[in-house]
Amino acid sequence: MTYIKVKNVSKFFERRGQVTEALRDINLEFEQGTFVSLIGPSGCGKSTLLRIVGGLADVDQGEVTIGGMSTLGAQSQKQFGFVPQSPALFPWRTVLENMNVPFEVNTKGVGIQVEDREDPIELLQSVGLGDFVNSYAKELSGGMQQRVGIARAFGSGAPILLMDEPFSALDEITREMISYQLLHIWEAHQKTVLFVTHSLREAVLLSDKVVVMSARPGQVSKVIDINLPRPRQATIEDTEEFHQYVTEIRGYLRDRWK
Ligand code: ADP
Ligand code: MG
């Protein structure tokens, strides 16, 4: 059953009289619990699309619905968790205190109410931070901070997580390690994830579906189903099938460079 539905979405930006067509007629449908990667050249509208899905930007044409509800309705019900490029942690709070942020009452008087809240320590353990729960966030490396952000998003109670290049500031080795941790925490929780990345290997490793977008105006070039078995292990990267998917996606990206 369709959960996230993006229907005929177009988006323009106007700045000093200059109009940019950011997205043109985007149509996408995802079921609940799907891991989706968005991949495409810089400026093709990936962040804009993520923000539209999350109800943070409006559309000029078309509509987005979440389980039949408008995105604004979904947003008011705290259906979205965001994981941005750099982790939004409070540096002087401990890791555990940062895990509590989604549940605290904010300035608008709303905090997320969750009946059975997941154990924040277990979530931190699942991303390899079991020994750091009482460390201050500022004491952690960038990669560790980003893992807190991911664990927090999975524990926030939000069924949809929107991740905008969360690994882009990390070095290659850290990035690889974190991608496995994201894989494992996702396989344990199966939330619906939209994940923006420039990495073909991350897209194939993590996803059920990869959406390849073309350069401005952003359009959907191809949606590829990644039919690799789950749970996935690191060794899956050494398989012929894995490489075939990477090559296939690269081909669709290249087509658009011509
Ligand atoms: P991506 O995330 O794929 O790199 P973006 O969604 O950030 O792309 O941007 C898509 C296009 O829309 C770009 O040309 C960008 O300059 C433009 N754009 C994005 N946000 C704004 C904005 N707030 N005002 C004007 N133009 C914008
Ligand atoms: Mg972006």
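As the structure is a prediction and not an experimental result, all values here were calculated from the model. (Residues numbered from 1 in each chain as written. Chains lettered and ligands numbered in written order. Predicted model: local features only at pLDDT ≥ 70, side-chain atom pairs only at ≥ 80, totals over all residues. Heavy atoms only, no water.)

Counting its regular elements, the protein contains 8 helices and 10 strands. In summary, the protein has a C-alpha radius of gyration of 18 Å against a globular reference of 18 Å for 258 residues, a match within 12%. Seen through its C-alpha atoms, the protein measures out along the principal axes to roughly 50 × 45 × 40 Å. The proportion of buried residues among the 258 residues of the protein is 49%. (Helix = DSSP H or I, 4+ residues; strand = E, 2+ residues; numbered from the N terminus. Rg over C-alpha atoms; globule rule 2.2 N^0.38 Å. Buried < 20%, exposed > 50% of the residue type's maximum accessible area, 1.4 Å probe, protein only.)

The subject of this paragraph is the nonpolar core. Ranked by size, the top nonpolar core spans 48 residues in total, and within it Phe 154, Leu 182 and Ile 249 carry the most contacts. With residues near it in sequence (within four places) discarded, Leu 182 still touches Phe 35, Ile 150, Phe 154, Met 163, Phe 167, Phe 195 and Leu 206. (Core = buried A, V, L, I, M, F, W, Y, C linked by side-chain atoms within 4.5 Å. Contact = heavy atoms within 4.5 Å.)

To continue, consider the site of ligand 1. All residues in the neighbourhood of ligand 1 are listed as Phe 13, Arg 15, Thr 20, Ala 22, Ser 42, Gly 43, Cys 44, Gly 45, Lys 46, Ser 47, Thr 48 and Arg 216. One nitrogen or oxygen atom from the side chain of Arg 15 is found 3.4 Å from a nitrogen atom belonging to ligand 1. Within the backbone of Gly 45, a nitrogen or oxygen atom sits 3.0 Å from an oxygen atom of ligand 1. Listing elements by their share of the shell around ligand 1, those giving two or more residues are strand E1 (2-15), strand E2 (18-31) and helix H1 (46-53). At 3 residues, the largest contribution of residues to the shell around ligand 1 is made by H1. (Near = heavy atom within 4 Å. Polar contact = N/O pair within 3.5 Å; in protein donor to acceptor, adjacent residues only side chain to side chain.)

Domain boundaries in the protein define domain 1 (2-79 + 159-257) and domain 2 (94-157). Relative to domain 2, the C-alpha centre of domain 1 lies at a distance of 24 Å. The interface is formed by 17 residues belonging to domain 1 together with 17 residues belonging to domain 2. Both faces considered, domain 1 and domain 2 share a buried interface measuring about 1,400 Å² in area, 73% of it formed by carbon and sulfur atoms. Sorting the residues of domain 1 by area buried against domain 2 places Lys 78, Gln 181 and Ile 185 first, and these three jointly supply 38% of that buried surface. Counting every contact that joins domain 1 to domain 2 gives 0 salt bridges. The interface formed by domain 1 and domain 2 holds 3 residue pairs in polar contact (both at pLDDT 80 or more) in total. Contributions of two or more residues to the side of domain 1 that touches domain 2 are made by strand E7 (160-164) and helix H6 (172-189). It is H6 that contributes the most residues to the side of domain 1 that touches domain 2, 8 residues altogether. Looking at the side of domain 1 that touches domain 2 residue by residue, the class counts come to 12 nonpolar, 3 polar and 2 charged. (Domains from an automatic or database assignment. Buried area = accessible area lost by both parts, 1.4 Å probe. Salt bridge = Lys/Arg side-chain N within 4 Å of Asp/Glu carboxyl O. Nonpolar A, V, L, I, M, F, W, Y, C, P; charged D, E, K, R; others polar.)

Turning next to the environment of Ile 121. Considering the arrangement of structural elements, one finds Ile 121 in helix H4 (residues 120-126). Spatially, the C-alpha atoms of Ile 121 and Val 133 are 7.1 Å apart, while their sequence positions differ by 12 residues. Once residues lying within four places of it in the same chain are set aside, the contact partners of Ile 121 are Leu 96 and Val 133.

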